[in-house]
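# Inside the fold
Spelled out from the first residue to the last, the chains are:
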Amino acid sequence: MLRGIRYGEADRILHLYSRQRGRIGAIAKGVRKPRSRFGGRLEPFFRLDLVLHEGRGDLFTVTGVTTVDGYPRLRSCGPALSVGARACDAVLRLLDAAEPNPPAYNLLCRYLALLDDPAEPEAARLEVALSFRVKLALAAGFAPELASCARCGEAEHLAGFSGAAGGVVCASCEAGSFPLSEEAHRFMVESLARPLAEAPAAEPRALRQVERAVGETLEHHAHVQLRSAA
Ligand SMILES: [Zn+2]
C-alpha cells in the first residue's frame, strides 16, 4: 500500500501497487470504525494479500486482507520511514499504469524489506535511496543513457548530463547540460549492476549530481517530478 486517504465517515481510499495489476485504487469500507475487521493493516508500507471485488467504477472494494509483511521496524524508525515514504511516493508518481511491472514491484518490496532489516542499520542512507531511484527509473523504462553520448553516440569525453537528451553527453554536445563527475557517472552505472543492499558509496557532491540527473531525465521523458530522495 502506497498511500491512504480518508473518505466519508469511516472509509479509506487506498492507492496500491500490485504484483498482478500494477497501480490500482481500492476502497476499504468501515476501516476507520473502532472494530473494523481490517484492523490496523490497511496502512502505508504494508505488504498485503488482498481480496478485491471489482465493481463498475474505477475502485475495487476490499473484501479480505492478510498481512504479508507489516515492516514494523521500518515504521518505528524515523529515517527509514522518511526514505520509505519517498520511495512509495516515487512509485505512485512514476508507475501510474494499471499493468503489471514485476521488476518495479519486486524492487519496492526489496527496498522496504531492507529498511526493515535489523542487520542493515545503514539502509536509510542517501546512497541506497538514490540507487533505488536509478533502478526504479530503469524498471519504469526511463533509465538514463550512461554508456555513450545520448546525442551523438561518442563513447569518450563524456563530461555532462542532459535530462532532455536523456543521458550523459560528450564535450561537443554539452549545450544545455550540467557537469557530471566521473564519480556520479560511476555511481549510476554501478547502481544498475548491483543489488540494492550493495549500493555504491559516493561523496555528497556526486550524489547531488545523481539525483539531478535522474530527476531531470524523469521530468523530460516521464513528465513527473519526484520529491527529493531523502
Ligand atoms: Zn555527443
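Read on for a plain summary of the structure. (Residues numbered from 1 in each chain as written. Predicted model: local features only at pLDDT ≥ 70, side-chain atom pairs only at ≥ 80, totals over all residues. Heavy atoms only, no water.)

### Side note on the overall build of the protein chain
Across its full length, the protein chain holds 6 helices and 8 strands. The order of helices and strands in the protein chain, counted from the N terminus, is β-β-β-β-β-α-α-α-α-β-β-β-α-α. Computed over its C-alpha atoms, the radius of gyration of the protein chain comes to 19 Å, within 12% of the 17 Å expected for a compact globule of 230 residues. For the protein chain, the C-alpha atoms occupy an extent of roughly 65 × 40 × 25 Å along the three principal directions. Counting only residues that meet the buried cut, the protein chain has 47% of its 230 residues in that class. (Helix = DSSP H or I, 4+ residues; strand = E, 2+ residues; numbered from the N terminus. Rg over C-alpha atoms; globule rule 2.2 N^0.38 Å. Buried < 20%, exposed > 50% of the residue type's maximum accessible area, 1.4 Å probe, protein only.)

### Looking at the environment of Met 188
Following the sequence through the fold, Met 188 ends up in helix α5 (residues 182-193). Sequence separation between Met 188 and Lys 135 is 53 residues; the distance between their C-alpha atoms is 8.9 Å. Residues in contact with Met 188, not counting those within four places in the same chain, are Val 134, Pro 144, Leu 146, Phe 161, Leu 180, Val 210, Ala 213 and Val 214. (Contact = heavy atoms within 4.5 Å.)

### Overview of the sheet that holds strand β6 (residues 158-162)
Here 3 strands make up an open sheet; going across it, the order is β7-β6-β8 and the pairing antiparallel. Edge positions in the open sheet fall to β7 (167-170) and β8 (178-179), since each of these has one partner strand only. Inspection of the sheet shows β6 paired to β8 by 2 bridges, in the antiparallel sense. Looking at the pairing, Gly 160 lines up with Pro 179 of β8. (Pairing = 2+ DSSP bridges.)

### Focus on the packing of aromatic side chains
Tallying each qualifying case throughout the model produces 2 aromatic pairs. Ring geometry for Phe 161 against Phe 178: centres 5.9 Å apart, planes inclined by 40 degrees, an arrangement best described as tilted. With Phe 161 in strand β6 and Phe 178 in strand β8, the pair connects residues that are 17 residues apart, well separated along the chain. One cation-aromatic arrangement involves Arg 212 over Phe 178; the distance from NZ or CZ to the ring centre is 4.0 Å. (Phe/Tyr/Trp six-rings, centres within 6.5 Å; stacked < 30°, edge-to-face > 60°. Lys NZ or Arg CZ within 6 Å of the ring centre and 35° of its normal.)

### So, the sheet that holds strand β3 (residues 22-28)
Taken in spatial order, the 5 strands line up as β1-β2-β3-β5-β4 in an open sheet, and their pairing is mixed. The outermost strands of the open sheet, each flanked by one partner alone, are β1 (3-7) and β4 (47-54). Across the sheet, the mean angle from the axis of one strand to that of its neighbour is 30 degrees, orientation sign disregarded. As paired strands, β1 and strand β2 (residues 11-18) are joined by 5 bridges and run antiparallel to one another. By the bridge assignment, Tyr 7 is partnered in β2 with Asp 11. (Axes fitted to C-alpha atoms, helices over the stretch in contact; angles between N-to-C directions.)

### Looking at the environment of Asp 96
In this fold, Asp 96 is placed in the loop between α2 (78-94) and α3 (102-116). When its relative accessible area of 58% is taken as the criterion, Asp 96 is described as exposed.

### Overview of the pairing of β2
Taken across its 8 residues, β2 has 8 buried, putting it largely inside the fold. Across the two faces of β2 the burial is the same, with Asp 11, Ile 13, His 15 and Tyr 17 and Arg 12, Leu 14, Leu 16 and Ser 18 all buried. In sequence, β1 turns back onto β2 through a hairpin of 3 residues, with Gly 8 there showing a positive phi of about 60 degrees. Both β2 and β3 contribute to a ladder of 7 bridges, which runs antiparallel. In the sheet register, Leu 14 faces β3, and the bridge partner there is Ala 26.

### A short note on the pairing of β3
Most of β3 is tucked away: 7 of the 7 residues are buried. Between β2 and β3, which pair antiparallel one after the other, the connecting turn spans 3 residues. Of the pairings in the sheet, the one linking β3 to strand β5 (residues 60-69) comprises 2 bridges and is parallel in character. Note that in β5 the partner of Ala 26 across the bridge is Phe 60.

What is shown is where atoms sit, not what they do.
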